[in-house]
Amino acid sequence: QVQLVESGGGSVQTGGSLRLSCVASGYTSSNKWVAWFRQAPGKEREGVAVITIGGGSTRYADSVKGRFTISRDNAKNTVYLQMNSLKPEDTGMYYCAARTDGIATSLAPYLYASWGQGTQVTVSS
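How each quantity is defined
- Residues numbered from 1 in each chain as written.
- Predicted model: local features only at pLDDT ≥ 70, side-chain atom pairs only at ≥ 80, totals over all residues.
- Heavy atoms only, no water.
- Helix = DSSP H or I, 4+ residues; strand = E, 2+ residues; numbered from the N terminus.
- Contact = heavy atoms within 4.5 Å.
- Polar contact = N/O pair within 3.5 Å; in protein donor to acceptor, adjacent residues only side chain to side chain.
- Salt bridge = Lys/Arg side-chain N within 4 Å of Asp/Glu carboxyl O.
- Buried < 20%, exposed > 50% of the residue type's maximum accessible area, 1.4 Å probe, protein only.
- Core = buried A, V, L, I, M, F, W, Y, C linked by side-chain atoms within 4.5 Å.

**Q** Would you mind going over the environment of T52 in detail, with residue names and values included?
**A** With respect to the helices and strands, T52 occurs in strand β5 (residues 46-52). Distance in space between the C-alpha atoms of T52 and K32 is 5.9 Å, their sequence separation being 20 residues. Once you skip the residues sitting within four places of it in the chain, T52 turns out to touch K32, W33, S57, R72 and T105. Reaching out from T52, the side chain makes a polar contact with the side chain of W33 at a distance of 3.3 Å.

**Q** If you had to explain the pattern of salt bridges to someone new, which residues and values would you point to?
**A** Considering all chains together, one arrives at four salt bridges under this definition. As a salt-bridge pair, D90 and R38 come within 2.8 Å of each other at their nearest N and O atoms. Note that D90 is positioned in the loop between β8 (78-83) and β9 (92-99) and R38 in strand β4 (residues 33-39), a separation of 52 residues in sequence. Here D90 falls in the buried class, since its relative accessible area comes to 1%. The closest approach of N and O atoms between K65 and D62, which form a salt bridge, is 3.0 Å. Classification of D62 by relative accessible area gives exposed; the value is 64%. Three or more residues joined by partner-sharing salt bridges are found here, namely R38, E46, R67 and D90.

**Q** Describe the nonpolar core, listing the residues and the values that go with them.
**A** As a rule of thumb, soluble globular proteins bury nonpolar side chains together. W36, V48, F68, I70, L81, M83 and Y94 are the most contacted members of the largest nonpolar core, which has 27 residues in total. In terms of residue count, strand β3 (residues 18-26) provides more of this core than any other element does, four residues in total. Setting aside anything within four residues of it in sequence, one finds Y94 in contact with E6, L20, W36, F37, R38, V48, F68, L81, M83, G118, T119 and V121. Core analysis: the next-biggest nonpolar cluster, separate from the first, contains seven residues, A35, V50, A97 and L107 among them.

This is the structure:
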């Protein structure tokens with residue numbers, strides 16, 4: 001019931017920055033968590049960051065701690081991912097996903113039912 005649209009991807013050099021946006025529509029009042037995932041060709045999808053819509057609590061993958069920041073603007077139904085100090089290892093398709101119910105904050109992909117189409121991030125050396 002929730003539609004998600006990502007934007008903001010692109011190509012940058014190592015050390016550069018990008019800000020991704022995820023705009024939600026539909027029954028957005030039911031969202032409890034919105035998360036960012038990424039997937040490189042031939043690799044499994046991995047969780048990057050998650051935010052609790054109500055309270056704003058966050059959790060990050062160890063690989064991005066200190067470099068990425070997830071935030072939300074509930075009035076605009078938008079979640080952002082600010083990515084700084086980008087590395088080639090950050091390259092991949094980035095997806096926004098939402099959970100409408102649950103107990104625990106998690107970056108496990110199978111817990112998220114609504115997904116965006118993805119936006120490509122490429123970081124060159």
